[in-house]
Structures are given as C-alpha cells and as structure tokens.
Amino acid sequence: MASTFFDPDSELSHPAALDAKGYAEAYRRSIGDGEAYWNAEVDRLDWIRRPTRFDESSFDEADFQVRWFADGLLNVSANCLDRHLDELGDTPAIIWEPDDPSAASRTLTYRELHREICRFANVLKRLGVKRGDRVTLYLPMIPEAAMAMLACARIGAIHSVVFGGFSPESIAQRIVDCDSSICITADQGLRGGKVVPLQANVAAAAKLAPSLTTRLIIRTADAPLVLEPGEHEYAVLVADVDDDCPPEPMNAEDPLFILYTSGSTGKPKGVVHSSGGYLLWASLTHQTAFDYRRGEVFWCAADVGWITGHSYIVYGPLANGATTLMFEGVPTWPTPARFWEVVDRHQVTTLFTAPTVLRALMREGDHHVTSTSRISLRLLGSVGEPINPEAWRWFHEVPGGGRCPIVDMWWQTETGGGMIMPLPGAWPQKPGSATLPFMGVEPVIVDGEGRRLEGATEGNLCIVRSWPGQMRTVWNDHERFFQTYFSTFRGLYFTGDGCRRDEDGYYWITGRVDDVINVSGHRLGTAEIESALVLHPAVAEAAVVGFPHDLKGQGIHAYVILNAGSAAESEQLRQWVRKEIGPIATPDRIQFAPGLPKTRSGKIMRRILRKVAEGDFANFGDTSTLAEPGVVDALVAQRVA
Ligand code: WTA
C-alpha cells in the first residue's frame, strides 16, 4: 500500500479491541442489518425504558425527520454518574490541570462528582430552572463547566454552552435565539496567565438580551464577588442545598443541548442534539476510536465551548466510566513543553488535539518535547481540520516516540461524534487520511450535480443515511435544518466538506467547499464576519474569504469597500470585528478594495476573491460573466503593490 505509515501489526504495543476483520464484520452488520446492530449497542447505556424503536429517519423532503430510539427513556447524567458508583465510585472522573502550573490540580472521583452535580442541579432548581428550559453556560475550563452541563442534564434542562472567547454581542445573540433566562458564568477565566473578564462580558450581554434575568456566578479568584441585581453567587446558594437530586426521566429524543455553530449564511445556527442517540454515539465512538480501557487517563485538549469538548471531554468519557483530564491553559504557556509536562504529571494515555496546536509546537523545536518522558502515551488523536502530513509525522515520531497510532477523526458539530477515522489496530494508517467510515456511517462522494462517484475520486462528501448522533434540528427553525443540509443533494446529508477517496478506499478530507472557513480549528462563517464589518459606520460593503495560513490552517482576508468620504484604518476594523464577534474572528488582512467582482445579477464571485487572496493570479477561470471585469485587475494590482 503506497505511503502507508503506521502498521498496527508491527507497532501497536498490545492488540486493540477490533482488528481489521472485526471491523469489517461489525461495519457490514451496522449497514446491512442496522436494527440488529443497534439493538445490541443500546445496552451500552442504562435505560429507564429500553427502546424498541430504532432508526426512523428519512432525508427525503416529504417525510423528513431524524429520529432514533423514540420510545426509550433515560437520564444522561445518571448514565455518566450514578451507574458507575458501585464499581468506580473511588475512581477519578475528572482530573483538572489549572492554567498556572504551580497551582494545585484537582481530582474528583465519580462519587464526589455525583454529589457535586446533584447539588448543582438543586441550585438550578432553586433558581427556578425547569425541564426544557434553556440554560446558557459561559465558563472557563474548570470542573464546574462539566458539572453545570451534567446538572442541566439531570433535571432535563437544555444547556447552550457559549465558548469563553466570544464577545458580549455573540453571547447575547445566542441567548436571544434560544430565549434563555439564565446564564452560568465565572468571575473570570485564565488562559496563559491572562485574565478573561467573563462576568463583565455576561453583564454586557444582559443589556442586549432582555430574556436574561438570572446570572449565576462561580467565584474562581481570591477577590470577593461584586454582585449586581440579578447576579447570584454559586457558593452561597450551594451551601444549603440537598445532596440528593433524582434524575429526571427523559425521552431519548428530548434535546440534551444546543450548540451554536457557523454556517455559510446568516447568523450561527443552534444545533440541537438528542439525549439518547447523542449519548450512545459519544460513548460508542469514544470507546472504539480511542480503544479506551478502564483505568486510562483520557485527555481531549479542546474547550468545552466546542462540540469536541462536549463529546470527548464530558459525555463520551464519563458515559464510559473513564478518567477525563480538563486543562484550563494553553499549549505554549509558560513554555512550549506544557502539554508534555501535563502528560507526564497525570500519566495521560491518550492525547486528542488539533493540527493547529501541533504546527505551533513543531515550530518551537523538539527539545521542548524530548525533555519529557511521555512514556504513558498509547494513542494520539487529531481533530478540527485536515492534518498536513508533516504535522502528522512530527506528532507520531516526536511526541508519540513512534509508538502511538494517530486517530485522525473527521466529524462536525452536526454529527455529534466521530464519523470517519482510523480505528487503532484495525488497519494501516496514511498521514493525512481520516481513513474509513465508523459503524453505521455510509459516506458517498458526489459531483456538483449530485451524481455518485465510484472508486478513486474527488468531490463533495455526503452521508447516505442517519446515524444515532446526528443533530435533530436547528433550534426554532426546522425548515433551516432541511434547507441547509438536505436540499443541495436530494436525499443526502451534505457535509459542506470536499473529499477524495483513494485507490484503497481511504477518505481524505480536503476542507470546506462552502463559505465556512476553519481558522485554527475554529469554524467561522464568512457571512458573520462580513455582517460585523458592515456594522462599522465607515464600511459600505465587505467580502471575506479564507487563505492558506502556515499556523492557523486558514487565515481571514477581508475585502472592504468604504463609504464615499469615509476613512478607516485596517487596525480599527480588525479591532471592530474582534469586539463584535471575539478574538478568533479577527481578520488577518484587510484589503480596501475599489470594488468587488460581481456577476451581472449582483452575485459576488468568491472564487476569484479566494484566488486573489491566495496570491494565485493566473487561474481566474471564466470571468466573462463579470459586470465590471476591470475590478479583478485592480484587486490584483493592490496585492502585488
Ligand atoms: C473540519 C469539529 C479534516 C471539517 C469536530 C468539518 C476536519 C469541520 C477534521 C467541522 C478532520 C473536523 N480532518 N477536517 N479530522 N475534523 N474537520 O463543527 O471541515 O467545529 O466540516 O466540528 O471541521 O467543524 P466543527
């Protein structure tokens, strides 16, 4: 097999649960007789009423729905806590590593976490939170973030976690969209020694979001809290609540959470995940893809504000009785050795991170890695964007010491958990390929007209049938759910990603084919950045595209047309976007453009803008439909100057 790298037969230190034959057999069953397959798999969860109905989904417009296990009853927090108490009560559930390496880390056993979550749930009840209510979370990476999520799940409230790097405007937008009346936050967050003013950001958001009446504040710093009306201190309320909080029986299809994510158009969408199917998918993929074994320490170095944190810091590992590590800090602070020091300190077995982190660490030199032991590592994982083969090799050879397979897991906020990834031990890996589909996942590659392409080919990645972890709807906008994902190619879920399949049947994700860009593994809609720019009084029009960036994967290039007679500095506009959306959306480049290439019907030709941003001035393709062909030359002239 050309360019094969990791060979499980010779390199895996002990056999994984599934070998190539085991996988092929399980995959065949999952596709050929899904009902029998899922009927067996549902037993990995504890049901109050075991489901007798399985996949009832249809991707066709006439009877469109996504539904699994519809007569099942369960509680997600009981699955992540109560059922483990007899066997794993004294086992660490969460190990917390603080931002400051000299501060004490914290360990919570399953028994301790169970108690904390019951108490947290009772605090929420005390504040009037009921089943079905939406609870917004805006928290740093502290154990209370996981507790708040599971406390919501315990009483059947729906959490909506907003990433701690988002601005007050972005928080308010998400609160308004799901009509949430309570937000749980902290006085501050710490990242790389810098303070993030979380409480103040939520206070500013509250002014823009009238539904938000209650703010619950967790104190993390030494200074006493200063509370405004509507703010409550968590430590005060929790002091006299009961340790007992019975888990609320929930239908498998009841929403567990909403997570906002960027798409090609408009404002971020509230992706809704279910209780039963989502948890089953998070648990099954965590166990299988990471070949998880009892007693191991699993570290997913994402933030709980993203789907990766939901599925692989909180729900997947805790459903499986694993020990999950939560890291508050950043990989490069105080030194670029931090990740590997954390691995050694807590004897981490599996490290799941993002290519952008690897590229940043690679640049700092191998000595930061080789000064540590890392002998506890058995598996590595990569997620969020395509991993370039150079980063893959470095990850495998230097941090992994050539011993650890790399689980390059392709998935999306919408899919709930991993979809295409190498199962360690099942087959040889190729650097940069997400390899083969997971159980129950049937990918197809289609051309622009939706025709299925066979064999070695390249095109648009779609999924043929539903899987349990699939999102159920867009909050409050079921029509948008259908339009966004199922109307481009009839009868198929369209991922928005391009993909190549090689002669061995391996899948290689080539990146987004829509107007979503991926900056350091963070997903951003170009439309959102454009909307933020045109809010500036000097800006008449804006068009944003991604361009290849050595560290971030993609950078943000904004073409801006100013209003006649207006002036603005590029730094001013960069700061403006930063304030409107958050630091992750700050444009790398602002190009003050004399005009934009548009078709005669007024549609911006982004293909051309992408080429100009990439510095590829030779291949503009057909420009004959442009209203003003001279605009392209002017844009190129600016870039060359
Ligand atoms: C990209 C993150 C290549 C892809 C879990 C997808 C990847 C988007 C990979 C979803 C991977 C994620 N290889 N590309 N292993 N993982 N992507 O919703 O473009 O934040 O559509 O979910 O990230 O980003 P999201």
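Residues numbered from 1 in each chain as written. Predicted model: local features only at pLDDT ≥ 70, side-chain atom pairs only at ≥ 80, totals over all residues. Heavy atoms only, no water.

- An unreviewed UniProt entry lists the protein under the name Acetyl-coenzyme A synthetase, from Sphingomonas kaistensis.
- Under the Catalytic activity (unreviewed entry) heading, UniProt states for the protein: "acetate + ATP + CoA = acetyl-CoA + AMP + diphosphate". (UniProt positions renumbered as here; feature names shortened; annotations may be inferred.)

1. Section: the overall build of the protein
Part 1 of the reasoning: Within the protein, the regular secondary structure consists of 21 helices and 29 strands.
Part 2 of the reasoning: Taken against the 2.2 N^0.38 rule, which gives 26 Å for 641 residues, the C-alpha radius of gyration of the protein at 24 Å falls within 12% of a compact globule.
Part 3 of the reasoning: Once the C-alpha set of the protein is aligned to its principal axes, its extents read approximately 75 × 65 × 60 Å.
Part 4 of the reasoning: For the protein, with 641 residues in total, the buried portion stands at 60%. (Helix = DSSP H or I, 4+ residues; strand = E, 2+ residues; numbered from the N terminus. Rg over C-alpha atoms; globule rule 2.2 N^0.38 Å. Buried < 20%, exposed > 50% of the residue type's maximum accessible area, 1.4 Å probe, protein only.)

2. Brief notes about the pairing of strand E29 (residues 589-592)
Part 1 of the reasoning: In the sheet, strand E28 (residues 553-562) pairs with E29 via 4 bridges, with the strands oriented parallel. Residue pairing for E29: Ala558 is matched across the bridge by Ile590.
Part 2 of the reasoning: Handedness of the crossover joining E28 and E29 through helix H19 (residues 570-580): right-handed. (Pairing = 2+ DSSP bridges. Right-handed = clockwise from strand over helix to strand, strands pointing away.)

3. Observations concerning the sheet that holds strand E22 (residues 473-474)
Part 1 of the reasoning: In space, the 8 strands of this open sheet follow the order E10-E9-E6-E4-E5-E12-E13-E22, with mixed pairing throughout. For this open sheet the edge positions go to strand E10 (231-233) and E22, each flanked by a neighbour on one side alone.
Part 2 of the reasoning: With 4 bridges joining them, strand E4 (residues 134-138) and strand E5 (residues 158-161) adopt parallel strand pairing. Opposite Val135, over in E5, you have His159 as the bridge partner.

4. Describing the packing of helix H7 (residues 143-155) against helix H12 (residues 307-319)
Part 1 of the reasoning: Closest axis-to-axis distance for the H7/H12 pair is 11 Å, and the angle between their directions is 55°. In terms of orientation, H7 and H12 fall into the oblique class. Where H7 crosses over H12, the handedness of that crossing is right-handed. Facing Ala146, Met149, Leu150 and Ala153 of H7, the residues of H12 in contact are His310, Val314, Tyr315 and Leu318.
Part 2 of the reasoning: Residues belonging to the contact of H7 with H12 are distributed by class as follows: 7 nonpolar, 1 polar and no charged. (Axes fitted to C-alpha atoms, helices over the stretch in contact; angles between N-to-C directions. Parallel < 35°, antiparallel > 145°, perpendicular 65-115°, else oblique. Left-handed = near helix turned anticlockwise from the far one by under 90°. Contact = heavy atoms within 4.5 Å. Nonpolar A, V, L, I, M, F, W, Y, C, P; charged D, E, K, R; others polar.)

5. Focus on the UniProt feature "binding site: Mg(2+)" (unreviewed entry) in the protein
Part 1 of the reasoning: When the UniProt feature table is mapped onto this chain, "binding site: Mg(2+)" (unreviewed entry) is found at Val534, His536 and Val539.
Part 2 of the reasoning: When you line up the elements, Val534 lands in helix H18 (residues 526-534).
Part 3 of the reasoning: As for its position among the elements, Val539 is in strand E27 (residues 539-549).
Part 4 of the reasoning: Those residues in contact with Val539 that lie beyond four places of it in its chain are Leu533, Val534, Val560, Ile561, Leu562, Asn563 and Leu573.

6. Notes on the nonpolar core
Part 1 of the reasoning: By size, the foremost hydrophobic cluster in this structure holds 156 residues, and its most contacted members are Phe120, Leu124, Ile184, Tyr315 and Ile529.
Part 2 of the reasoning: When residues of this core are assigned to their parent elements, the largest contribution, 10 residues, is made by H7.
Part 3 of the reasoning: Judged by nonpolar contacts, the second largest core, of 26 residues, contains Val343, Leu361, Trp392 and Phe395. (Core = buried A, V, L, I, M, F, W, Y, C linked by side-chain atoms within 4.5 Å.)

7. Observations concerning the site of the ligand
Part 1 of the reasoning: Close to the ligand lie 17 residues, the nearest being Asp408, Met409, Thr413, Asp497 and Arg523.
Part 2 of the reasoning: Here Gln412 contributes a side-chain N or O atom positioned 2.9 Å from an oxygen atom of the ligand.
Part 3 of the reasoning: Arg512 is positioned such that a nitrogen or oxygen atom in its side chain is 2.8 Å from an oxygen atom of the ligand.
Part 4 of the reasoning: Look at the ligand: alone it shows 520 Å² of surface, and the protein chains cover 96% of it.
Part 5 of the reasoning: At the level of elements, H12, strand E18 (406-409) and strand E24 (507-512) are the ones that each hand at least two residues to the shell around the ligand.
Part 6 of the reasoning: Here the residues of the shell around the ligand sort into 7 nonpolar, 5 polar and 5 charged. (Near = heavy atom within 4 Å. Polar contact = N/O pair within 3.5 Å; in protein donor to acceptor, adjacent residues only side chain to side chain. Areas by Shrake-Rupley, 256 points an atom, 1.4 Å probe, with all protein chains shown as cover.)

8. Focus on the UniProt feature "domain: AMP-dependent synthetase/ligase" (unreviewed entry) in the protein
Part 1 of the reasoning: If you check UniProt for "domain: AMP-dependent synthetase/ligase" (unreviewed entry), the listed places come out as residues 82-464 in our numbering.
Part 2 of the reasoning: End C-alpha to end C-alpha, residues 82-464 measures 36 Å, and it is 31% helix and 23% strand.

9. Thoughts on the layout of surface pockets
Part 1 of the reasoning: Considered as a void within the structure, the second largest pocket measures approximately 360 Å³ in volume.
Part 2 of the reasoning: If you trace the second largest pocket, you find 23 residues lining it, with Ser264, Thr484, Thr488, Phe494 and Asp514 closest to the centre.
Part 3 of the reasoning: Elements with a contribution of two residues or more to the lining of the second largest pocket: helix H17 (478-486) and strand E23 (493-501).
Part 4 of the reasoning: Split into classes, the residues belonging to the lining of the second largest pocket amount to 5 nonpolar, 11 polar and 7 charged. (1 Å grid on protein atoms, 1.4 Å probe; cavity = no way out; pocket = protein on both sides within 12 Å on 5 of 7 lines; lining within 4 Å. Points joined across faces, edges and corners; volume = space filled by probe spheres on them.)

10. Examining empty space enclosed by the protein
Part 1 of the reasoning: Under the criterion given, the structure shown has 2 cavities of 30 Å³ or more.
Part 2 of the reasoning: The space that makes up the largest cavity amounts to roughly 40 Å³.
Part 3 of the reasoning: Here the lining of the largest cavity is built from residues that sort into 6 nonpolar, 2 polar and no charged.
Part 4 of the reasoning: Size it by volume and the second largest cavity reaches roughly 40 Å³.
Part 5 of the reasoning: The wall of the second largest cavity is formed by Val161, Val162, Phe163, Phe166, Arg174, Leu259, Tyr260, Gly305 and Trp306.
Part 6 of the reasoning: Looking at the lining of the second largest cavity residue by residue, the class counts come to 7 nonpolar, 1 polar and 1 charged.

11. Quick word on the pattern of salt bridges
Part 1 of the reasoning: The final tally for this structure, using the stated rule, is 42 salt bridges.
Part 2 of the reasoning: Arg115 is paired through a salt bridge with Glu116; the nearest N and O atoms lie 3.7 Å apart.
Part 3 of the reasoning: Of the residues examined, Arg115 reaches a relative accessible area of 38% and is grouped as partly exposed.
Part 4 of the reasoning: For Glu116, a relative accessible area of 23% puts it in the partly exposed group.
Part 5 of the reasoning: Arg451 is paired through a salt bridge with Asp447; the nearest N and O atoms lie 2.9 Å apart.
Part 6 of the reasoning: Where salt bridges share partners, they join Arg115, Glu116, Arg119 and Asp243 into one cluster. (Salt bridge = Lys/Arg side-chain N within 4 Å of Asp/Glu carboxyl O.)

12. Quick look at the side chain of Thr261
Part 1 of the reasoning: Looking at the secondary structure, you find Thr261 in strand E12 (residues 255-261).
Part 2 of the reasoning: Classification of Thr261 as buried rests on a relative accessible area of 6%.
Part 3 of the reasoning: In this structure the side chain of Thr261 is engaged in a polar contact, spanning 3.4 Å, whose partner is the side chain of Arg523.

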